[in-house]
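Okay, here's what each chain looks like letter by letter:
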Amino acid sequence: MIAFIGLGNVGDHYKWTKHNAGFWVIDEFAKRKKLSFNPEKSEYVFAEHKQKQTLLMKPTTGMNQSGIAVKSIIGKYNLLVSDIYILLD
């Protein structure tokens, strides 16, 4: 499994700021692959492409605490550091 994690800040106030570039990339990828995001433990939302063994994740913790969400997903999917690609501004 490969995880693509887009960093950003939740909320309309931040939606179009450059700090949400990671969210934009993840959203576009999900749109092209017709994937929907599912909430999980309120730390992140994710979309899974099972055939391609790909996971898309957007932390809902905000930029400064995104490590909490990343740690959570590493444990849940038993990921290695080499399986994770983080997209940010």
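In this text the structure is predicted, and so the values were computed from the model without any measurement.

(A) Spatial organisation of the overall build of the chain. Counting its secondary structure elements, the chain contains two helices and five strands. Over its C-alpha atoms the chain spans a radius of gyration of 12 Å, differing by no more than 12% from the 12 Å that the globule rule assigns to 89 residues. With respect to the principal axes defined by its C-alpha atoms, the chain has extents near 35 × 30 × 20 Å. Taken over 89 residues, the chain has a buried fraction of 38%.

(B) Spatial organisation of helix α2 (residues 66-77). For α2, spanning 12 residues, the distance from its first C-alpha to its last is 17 Å, which sits close to the expected 16 Å at 1.5 Å a residue. The complete set of buried residues in α2 reads S66, A69, V70, S72, I73 and Y77. Angularly, the buried residues of α2 cover 160° about the axis, an arc narrow enough to put them on a single face. Residues of α2 that are exposed and angled more than 90 degrees away from the buried face: K71 and G75. Looking at the buried positions of α2, the neighbouring elements they touch are β1 (2-6), β3 (44-49) and β4 (54-59). With its phi angle positive at about 55°, N78 sits one or two positions after the end of α2.

(C) Just the pattern of salt bridges, in detail. One pass over the structure, following the stated rule, counts two salt bridges. In this structure, D27 engages K58 in a salt bridge whose closest nitrogen and oxygen atoms are separated by 2.6 Å. Pair noted here: D27 is in helix α1 (residues 21-32) and K58 is in strand β4, with a separation of 31 residues, a long-range link. Looking at D27, the relative accessible area reads 31%, which means it is partly exposed. Residue E28 is joined to R32 by a salt bridge in which the shortest nitrogen-to-oxygen separation is 2.9 Å. Residue E28 and its partner R32 are both found in helix α1; the two are separated by four residues, about one turn of the helix. Here R32 falls in the exposed class, since its relative accessible area comes to 66%.

How each quantity is defined
Residues numbered from 1 in each chain as written. Predicted model: local features only at pLDDT ≥ 70, side-chain atom pairs only at ≥ 80, totals over all residues. Heavy atoms only, no water. Helix = DSSP H or I, 4+ residues; strand = E, 2+ residues; numbered from the N terminus. Rg over C-alpha atoms; globule rule 2.2 N^0.38 Å. Buried < 20%, exposed > 50% of the residue type's maximum accessible area, 1.4 Å probe, protein only. Expected span 1.5 Å × (residues − 1). Arc of directions from axis to C-beta. Contact = heavy atoms within 4.5 Å. Salt bridge = Lys/Arg side-chain N within 4 Å of Asp/Glu carboxyl O.

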